[in-house]
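For reference, the chains in residue letters:
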Amino acid sequence: MADNLHGFAGELDSIRFATILFADIVGSTRLLRALDPEDARDLIDASIKLIQNAIHDFQGLVVRVQGDGVMAVFGIHPAAQDHALRAALAARQIVDRMKGGSIGILPSLQVRIGIHAGPILLRRQDHDFGSIVDVVGHAAHVAGQVEQLASPGSVAISATTASLIAENCDLRQTGRLPSDGHDSADDGGEAVFELAAINFAGSDHVPVKGNATYPVIGRDKDLEQVRAMIAALPAGKPAAIGFIGDAGMGKSRLLLEASRLAAGYGVTFVVIRGNPLMAAVPFGCLSPAVRHVVELLRPFCADPAQAAGLPAEQAECLNGFAGGIGAWLPGLSPGDRSRIATQAIVGLLRLAVENMPLLLLVDDMHYIDRETRSILTGIRQSAALGIIAAGRPEATLRLTTLCGKPSQLKALPSDAARTLISLINRAAPLEDGTIEKILARADGLPLALQEFAVTAQSDQGTVRLPARLENLLAERLAALDEDASRLCQLCSALGPSFQASHLAKGAALVCRNPAAATIRLVESRVIETAQADVVRFTHQLVQEAAYATMTRRRRKTMHLRVLELLEGDAATHAELATHAEKAGLPERALDHQWNASIEALGLAAISSVLALYRRARDIAAWLDPPASQFQRARFALLALDTLQQLSLEQEVRQDIEAVANGQIDMGPGIRTVARINMALLDWIDGSPVRGTEWLAQAQADLDNHDSLPRRTFADVVGAYIAFSRARPEEAVARIELLGARLQDGLDGATFGAVVVIPHILARAFGAWYLVDLDDLPRARRWIAESARLSRRYHHDYSRLLSHLAHGYLHYRGGHIPKALGIMRRALAECLNRRFFGFEPVCVGWTALCLIDAGLLDEAEVILNASLERGSYLKVRTAGTYYLHEARARLAMARGNAAQATAIAAQALNHCRDCGEIMHELHARVLCAEVRAAFAQPVGDLSDLQARVTELGIAPLLKRLNALTKDAR
């Protein structure tokens, strides 16, 4: 194949949205077998030449000729929005010419053609005979599959491609493509149609191309303007309205609504629609409209030209339009032809207006040729009809000349966008989260809202841009020159919006002429100035489409440029980490990610820490296994405290255990911290015995290498485990010792990467233990300490623990109204801050207060909500026991014996499964109370009472005494 690289230097190694055509000559083997080799060569060459000529006629590019097959691409060089139409027209021309014996042999060879549109990679391919431009990608593969579904002598076209063609097509479904993951076609694959004909510039009535499947939303003022104008036409009041809007803003939909309103008011409409294929053809858009008007006049007059009193030249012109003859009056100059055409058509329309109210709908004004625009101006000045015209911003001057100042169509407001989505999916409503994603991504663009809402039911709307949208945006980007295209790609790597200084510096990095490239992007409506120092893409989908044009290699290059640009600026570490990762620099990305995590921890931004931790794990996966494991472990240690607050601490178990058992060596100090963390993880996971073993290893480490922060951490976790294992005095002693160590101003210190103050943590938990041990003076003192510190240091999580301890004190003291007020606030703060690690105990204690206050319905509401959230399934500690107790007491209060008995048994099983010896005693007392409440035998409680007395658990002693008193 000859070298075909000429003119492609700036377009190679890029991803483009285009249409692929595969043409395969059918039956050539049998025919060629009977021919002389040279005759066979001549026959194949003639057929291939015919196919190539048809492709070139519609500005397609022949990419590959192999044997008796041809592959072509449309929309690449030159870039064109209507590439699907061009491919379809070329295909029909090939089939028709082959059938007509254009290669000189009858019966002629037959050709089978398949067409599909989608993203392809445009690349340079070198071989022994030179270099060529080649296209690869899934779209090319699909086009080959479509071709296999075409019967000999026909054109097969995918549903995606058909959706991109505005003209009327004669389509007959011929099959389906195989679904993803299947070897054979079924109902899940994309439909394929036989393209029998395209009614292009040959019908008597050009339809409006909008989609009326869904109502017009958010355009009330525009629709009222249209309605009022159309309503006045039967009374002989002509007017003109223009609409300006970017692609996808709903211009054609407004014109379609105008055509429907016209029918309601008895007004006849005629359509003139611009087309890029005809943009350079004089009067190229007029013939169908003229034929339509002539047909409308047939019932009133046999010869419209004669009835309109047209002179001979104008009549010949009109007959040329009506007959589709482009060479009428060929001897005249272009200026004279334009003057005569204007006079002829104005005369024709005047005749039409005498017989009917008439509305002219002009769509895609930006594609209408100069001669047709001149005629439209003459019509506007001389014929008493209505005109509604629409076009993109580049047609503003043309629309102003024709209609006066046009109305600017803007993005739909949020409420209108939400209504449109709901109407589209009224049969199967979408989840709120899905709607929010569509709203955010579409950003008010009507076509985007519609396409995303339609595809959302199959979960495809958020994967990539729908074909119609991608095609519209690709046209805008493909028209950029090489400099502007590179700058656009750099901007897309920066994001939907960025600092103006970054644009200027970035342009200097990637452009030969930075100023010209920047101006080009603004003029092409790719970017715009949002504020004095902020630049943004005109729509975030434009940014998304621009980013999609880059290959992986180009993306890495652009993100590296952005990284160079931002590292000397005031960019956040999270932003720098993202660009470093996408530039293929995982170690550098992790360094920035670490700094971002430290910053988030300093702000106690737990949601941010979680997101950063998970992102760090993804980045670490790109490293070799040892380095990846090391990075995961250090981020796990950093994030553990935050994950604990969110009930997600078990996510890091594997990574922290690798440090604790020495598989990953971060030094003896970090290994000790990891062992204490493992003890904490096991306690939370309902395995305090296993946690004790880890804690013993940590204690041995500390005996050899003491450390105040690590010993403090060990004492806190040791207190949790000791109380769980029914060693309350040991728990309190650890906390007392911890407090003594943290005197001299250290009581407000944080240790390591935690976002809580250990002193508050220990005192709050210790106050809970002391209340159960009936040591109320010391409990009040510890609560006061924790409250003072939490207020001073503004630690939300620590303050929650302080409030819980305070509320528990009042609850056990029987001060229910005061306890309830504190617990309600604590629960609201817990949910608001997403501290799900303490959600079960917050809900349990609040519900117990509500039940004691007789507010059973409120208690049921918060308990059911907690069960639905499911935090209690992740936190297997004493706190979760109280959720079960509250549910059992609610069932008792409602008189439901079976439910109360079952839930009390569940509470007991929970404590036993979790090794919670202390709260197993609580659960046994609860079971006895349930039996007593429903007049069932309580049994012998002496052993239970002796154990509770031994431990000194005051609330249980009080309840057991009540049970034995009632039994007597």
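Above this text sits the structure in question.
Model, not experiment: these values are computed from the prediction.

What counts and how
Residues numbered from 1 in each chain as written. Predicted model: local features only at pLDDT ≥ 70, side-chain atom pairs only at ≥ 80, totals over all residues. Heavy atoms only, no water. Axes fitted to C-alpha atoms, helices over the stretch in contact; angles between N-to-C directions. Helix = DSSP H or I, 4+ residues; strand = E, 2+ residues; numbered from the N terminus. Left-handed = near helix turned anticlockwise from the far one by under 90°. Contact = heavy atoms within 4.5 Å. Phe/Tyr/Trp six-rings, centres within 6.5 Å; stacked < 30°, edge-to-face > 60°. Buried < 20%, exposed > 50% of the residue type's maximum accessible area, 1.4 Å probe, protein only. Lys NZ or Arg CZ within 6 Å of the ring centre and 35° of its normal. Salt bridge = Lys/Arg side-chain N within 4 Å of Asp/Glu carboxyl O.

A. Structural context of the packing of helix 14 (residues 414-424) against helix 16 (residues 446-455). Packing of helix 14 against helix 16 leaves a shortest axis separation of 9 Å and a crossing angle of 35 degrees. Here helix 14 and helix 16 pass one another in a crossing that is right-handed. Contacts between helix 14 and helix 16 involve Ala 417, Leu 420, Ile 421 and Ile 424 from the former and Pro 446, Leu 449, Gln 450, Ala 453 and Val 454 from the latter.

B. How the structure looks around the packing of aromatic side chains. Inspection of every chain in the model, using the stated rule, returns 20 aromatic pairs. Ring centres 5.6 Å apart and planes at 45 degrees place the aromatic pair Phe 283 and Trp 328 in the tilted group. Here Phe 283 is found in the loop between strand 10 (268-273) and helix 8 (287-297), whereas its partner Trp 328 is found in the loop between helix 10 (312-322) and helix 11 (334-355), with 45 residues between them in sequence. Accessibility expressed as a relative area gives 5% for Phe 283, which makes it buried. Ring geometry for Tyr 881 versus Tyr 882: centroids 5.1 Å apart, planes at 70 degrees, classification edge-to-face. For the residue pair Tyr 881 and Tyr 882, the accessibility class agrees, reading buried in each case. A connected cluster of aromatic rings, assembled from ring pairs, spans Trp 683, Tyr 720, Phe 723, Phe 765, Trp 768, Tyr 769, Tyr 808, Phe 838, Trp 845, Tyr 881 and Tyr 882. Lying over the aromatic face of Trp 328, Arg 337 brings its terminal NZ or CZ to 4.2 Å of the ring centre. The ring of Trp 594 carries Arg 634 above its face, with NZ or CZ at 4.3 Å from the centroid.

C. Just the pattern of salt bridges, in detail. In the structure shown here, the tally under the stated rule is 52 salt bridges. When the shortest N-O distance is used, the salt bridge between Glu 257 and Arg 260 registers 3.7 Å. With Glu 257 and Arg 260 both in helix 7 (residues 251-264) and three residues apart, this pair spans about one turn of that helix. According to the relative accessible area criterion, Glu 257 is buried, its value standing at 17%. Where Arg 889 meets Glu 885, a salt bridge forms, and the shortest distance between an N and an O atom there is 2.9 Å. Of this pair, Arg 889 and Glu 885 are both found in helix 38 (residues 878-893), four residues apart, which corresponds to roughly one turn of the helix. Of the two residues, Arg 889 and Glu 885, both sit in the buried class. Several salt bridges converge on common partners, so that one network encompasses Asp 246, Glu 394, Arg 476 and Arg 525.

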